[in-house]
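Architecture and fold: a report
Read off the chains here:
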Amino acid sequence: MIIDDEQDICRLLQLSLVRHGYQVRYVNSLSEGLKCLKDQKPDILFLDINLPDGSGLDALPGIKKQCPNLPVITISAYDTGPERQQALATGASYFLAKPFSVKNLDELINNIKS
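Residues numbered from 1 in each chain as written. Predicted model: local features only at pLDDT ≥ 70, side-chain atom pairs only at ≥ 80, totals over all residues. Heavy atoms only, no water.

Bringing the pairing of strand β6 (residues 72-76) into the picture now. Counting buried residues in β6 gives five out of five residues, a clear majority hidden from the surface. The alternating pattern of β6 places Val72, Thr74 and Ser76 and Ile73 and Ile75 on opposite faces, both of which are buried. In the sheet, strand β3 (residues 45-48) pairs with β6 via four bridges, with the strands oriented parallel. Across the sheet, the residue bridging to Asp48 is Ile75, located in β6. (Buried < 20%, exposed > 50% of the residue type's maximum accessible area, 1.4 Å probe, protein only. Helix = DSSP H or I, 4+ residues; strand = E, 2+ residues; numbered from the N terminus. Pairing = 2+ DSSP bridges.)

And the structure:
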């Protein structure tokens, strides 16, 4: 599952994940993503930190409480040290800075699968 408000990012992530054998659903708001997580149990979650209707960082502890074993990859255009540290400290498995390359994404997905 992908929760990101940028269509291009969603499509890029979707294409890469499909190549790795995943079925992908993406939503463009935090509220819609949280609703989907109640009904679905994805294998991986890509979570944008800055969404128009809320902060992925603020939602992360609740997501991890609901799905403790879910690998969550936080994504952000703002790759600051404190933001990265906060994401990892609150339960993110990885932090992916935008823009990212398909190669970086493939390496990350392979790490998660192994």
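Time to look at the layout of surface pockets. By volume, the largest pocket amounts to about 200 Å³. Lining of the largest pocket is provided by Met1, Leu17, Gly21, Tyr22, Gln23, Val24, Arg25, Gln40, Pro42, Asp43, Ile44 and Phe46. Tallied by class, residues from the lining of the largest pocket come to seven nonpolar, three polar and two charged. (1 Å grid on protein atoms, 1.4 Å probe; cavity = no way out; pocket = protein on both sides within 12 Å on 5 of 7 lines; lining within 4 Å. Points joined across faces, edges and corners; volume = space filled by probe spheres on them. Nonpolar A, V, L, I, M, F, W, Y, C, P; charged D, E, K, R; others polar.)

A separate point is the sheet that holds strand β7 (residues 94-97). Read from one edge to the other, the open sheet built from five strands follows the order β2-β1-β3-β6-β7, with strand pairing classed as parallel. For this open sheet the edge positions go to β2 (26-27) and β7, each flanked by a neighbour on one side alone.

What follows covers the pattern of salt bridges. Scanning all chains against the criterion turns up five salt bridges. Salt-bridge contacts for Arg19 lead to Asp106; the nearest nitrogen and oxygen are separated by 3.0 Å. Of this pair, Arg19 sits in helix α1 (residues 7-19) while Asp106 is found in helix α5 (residues 102-113), placing the two residues 87 residues apart along the sequence. Judged by its relative accessible area of 17%, Asp106 falls in the buried class. Taken together, the shared-partner salt bridges connect Asp4, Glu6, Asp48 and Lys98 into one network. (Salt bridge = Lys/Arg side-chain N within 4 Å of Asp/Glu carboxyl O.)

Note on placement: Ser16 falls in helix α1. If we ignore the near neighbours within four places in the chain, the residues touching Ser16 are Val102, Leu105, Asp106 and Ile109. (Contact = heavy atoms within 4.5 Å.)

A separate point is the environment of Thr90. Along the chain, Thr90 falls in the loop between α4 (81-89) and β7. Assessed through its relative accessible area of 26%, Thr90 is described here as partly exposed. Sequence separation of Thr90 and Gln40 is 50 residues, and the distance between their C-alpha atoms is 22 Å. In this view, Thr90 contacts Leu57, Leu60, Pro61 and Lys64; residues no more than four positions away in its chain are not counted. Polar contacts involving the side chain of Thr90 include one to the main-chain carbonyl oxygen of Ala87, which spans 3.3 Å. (Polar contact = N/O pair within 3.5 Å; in protein donor to acceptor, adjacent residues only side chain to side chain.)

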